[in-house]
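Here is what each chain is made of, one letter per residue.
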Amino acid sequence: MKAAVLCEQPGDLVIEELVIDKPGPQEVLIQTVGAGLCHSDLHFMEGLFRTKLPSVMGHESAGIVEAVGADVSYVKPGDPVVACLSIFCGQCRQCLSGNPHRCTNGRATSRSRDDSSRLQREDGTPVDQMARLGGFAEEMLVHQNGVVKVTPDMPLEKACLIGCGVTTGFGAAVRTAAVPVGATVCVIGCGGIGLSAIQGARVAGAGRIIAVDMNIESLETARVMGATDTINANDVENVVEAVKELTGGGVEYSFEAIGLKKTAEQAFEMLEIGGTATVIGMVPSSTKVEIRGIDLLSEKKLQGSMMGSNQFRTDIPQMIDLYLNGRLLLDEMVSATISLDQVNEGYNWMREGTVARTVITF
Ligand SMILES: NC(=O)c1ccc[n+]([C@@H]2O[C@H](COP(=O)([O-])OP(=O)(O)OC[C@H]3O[C@@H](n4cnc5c(N)ncnc54)[C@H](O)[C@@H]3O)[C@@H](O)[C@H]2O)c1
Ligand SMILES: [Zn+2]
Ligand SMILES: [Zn+2]
């Protein structure tokens, strides 16, 4: 089967023919239908975060179950599924205390080192999977706790977006920050994640949603998603001052959806007294985010969010209902649909900041 492989860091993806194993115990073989391009893969391609190589990139995918291994009772061949990297063991303290997205026992849902690799090159070289999914591939072999069954009414080339970007952004607003009705919100960065945070804030009933980006089209899309105000970071001298001016002193909830020190600090600085800043973006591992200590005295909070603090087996079907009822917009988020061979081109568009989400269809 064909897959997009990262062979060196930094590096572009190489389309290779790989061998995929039969599903082992608890594993599910999926025929991929759609895969979204998330910025996290690009961070790895740019070498900002290290990973085992070679590795099939992609972690925002949906498809149809082709075959299941022993002890799989949750799905059967023919079931449509969305994959999610928040693979839970169901037994560790985090899983059992209602935070399966923080599962600490990845070993329980992975193959052991002594087992053969799920993916290999034809010469037998083991090939890793991004986030234990490897979604930029015609087929995926994943643990059954990394998939959720979805209604056959849901188009899978749209459902894939929920696997990471929508779950992450929407969940950051609804679950991590729990934005209440009427709140003032600012979202910095309007790619797939930021646009989903805007939608989460809208569905939660936020009163005012300010979108910040440097790209005009992204800001137009942000309005469609529910932003009530937009700020083009290129047009103002100081984003924080611009937000404070619009709101008469700052927002109650801010979200950073880029992964930069500067914008993470902006998110905190634009809070009103008692406000909460949620950093969703992946800030490079060696970078420190700085805040003024005195601001903590006014009960301002800075927090992170992992995959929107999801419980994806129940959250994703809910989000699909919202989509099917017209309350969650996915079609409007897709700027381009491409084939697997065009994946590097898709990432070049992301580097230029000209697209919301690009989807590979198989
Ligand atoms: N926390 C998590 O669990 C999680 C999950 C998925 C993705 N992420 C991270 O979320 C971030 C966003 O991902 P994405 O796929 O939406 O990325 P993206 O590249 O599609 O979107 C980023 C947006 O930010 C804008 N931007 C860039 N610099 C800016 C600046 N200085 N001021 C204002 N706007 C600016 C760009 O124009 C673009 O629209 C990435 O860092 C990604 O790795 C985190
Ligand atoms: Zn992602
Ligand atoms: Zn666990």
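Reading guide: rules and limits
- Residues numbered from 1 in each chain as written.
- Chains lettered and ligands numbered in written order.
- Predicted model: local features only at pLDDT ≥ 70, side-chain atom pairs only at ≥ 80, totals over all residues.
- Heavy atoms only, no water.
- Patch = residues over 30% accessible without salt bridge, like charges linked within 9 Å, V, L, I, M, F, W, Y side chains within 5 Å.
- Areas by Shrake-Rupley, 256 points an atom, 1.4 Å probe, with all protein chains shown as cover.
- Salt bridge = Lys/Arg side-chain N within 4 Å of Asp/Glu carboxyl O.
- Helix = DSSP H or I, 4+ residues; strand = E, 2+ residues; numbered from the N terminus.
- Buried < 20%, exposed > 50% of the residue type's maximum accessible area, 1.4 Å probe, protein only.
- Domains from an automatic or database assignment.
- Contact = heavy atoms within 4.5 Å.
- Buried area = accessible area lost by both parts, 1.4 Å probe.
- Polar contact = N/O pair within 3.5 Å; in protein donor to acceptor, adjacent residues only side chain to side chain.
- Donors = N, O, S within 2.8 Å, 3.2 Å for Na, K, Ca; no water.
- Tetrahedral: all angles 85-135°; square planar, octahedral: opposite > 155°, others 65-115°.
- Lys, Arg positive; Asp, Glu negative; His and termini not counted.
- Charge placed at Lys NZ, Arg CZ, Asp CG, Glu CD.

A. Spatial organisation of a nonpolar patch on the surface. Side chains of V289, I291, L296 and L302 sit close together on the surface and give an oily, nonpolar patch of about 290 Å² of accessible area. In this structure, I291 sits in the loop between β16 (271–279) and β17 (301–304). What makes I291 partly exposed here is its relative accessible area of 33%.

B. The domain arrangement of the chain, seen in detail. Taken as a whole, the chain is organised into domain 1 (2–163 + 309–361) and domain 2 (178–304). One C-alpha centre belongs to domain 1, the other to domain 2, and the line joining them spans 28 Å. Listed per partner, the contact involves 15 residues of domain 1 and 18 residues of domain 2. Note on domain 1 versus domain 2: buried area summed over both sides is about 1,300 Å², and carbon and sulfur give 62% of it. It is F49, L329 and M333 in domain 1 that bury the most area against domain 2; as a group they hold 34% of the surface buried on that side. Our count for the domain 1 to domain 2 interface comes out at 0 salt bridges. Applying the counting criterion to the domain 1 and domain 2 interface returns 3 residue pairs in polar contact (both at pLDDT 80 or more).

C. Representation of the coordination of the zinc ion (ligand 3) in the model. Looking at the metal site, the zinc ion (ligand 3) is ligated by C89 (SG), C92 (SG), C95 (SG) and C103 (SG), spaced 2.3 to 2.4 Å from it. Bound by 4 donor atoms, the zinc ion (ligand 3) shows angles of 103 to 115 degrees at the metal and therefore tetrahedral coordination geometry. In primary sequence terms, the donor set of the zinc ion (ligand 3) follows C-x2-C-x2-C-x7-C. Given a relative accessible area of 12%, C89 falls into the buried group. Taking relative accessible area as the criterion, C95 reaches 12% and is therefore assigned buried.

D. Just a negative patch on the surface, in detail. A cluster of acidic residues, E17, E122, D123 and E138, forms a negative patch at the surface. Here E17 shows up in strand β2 (residues 13–17).

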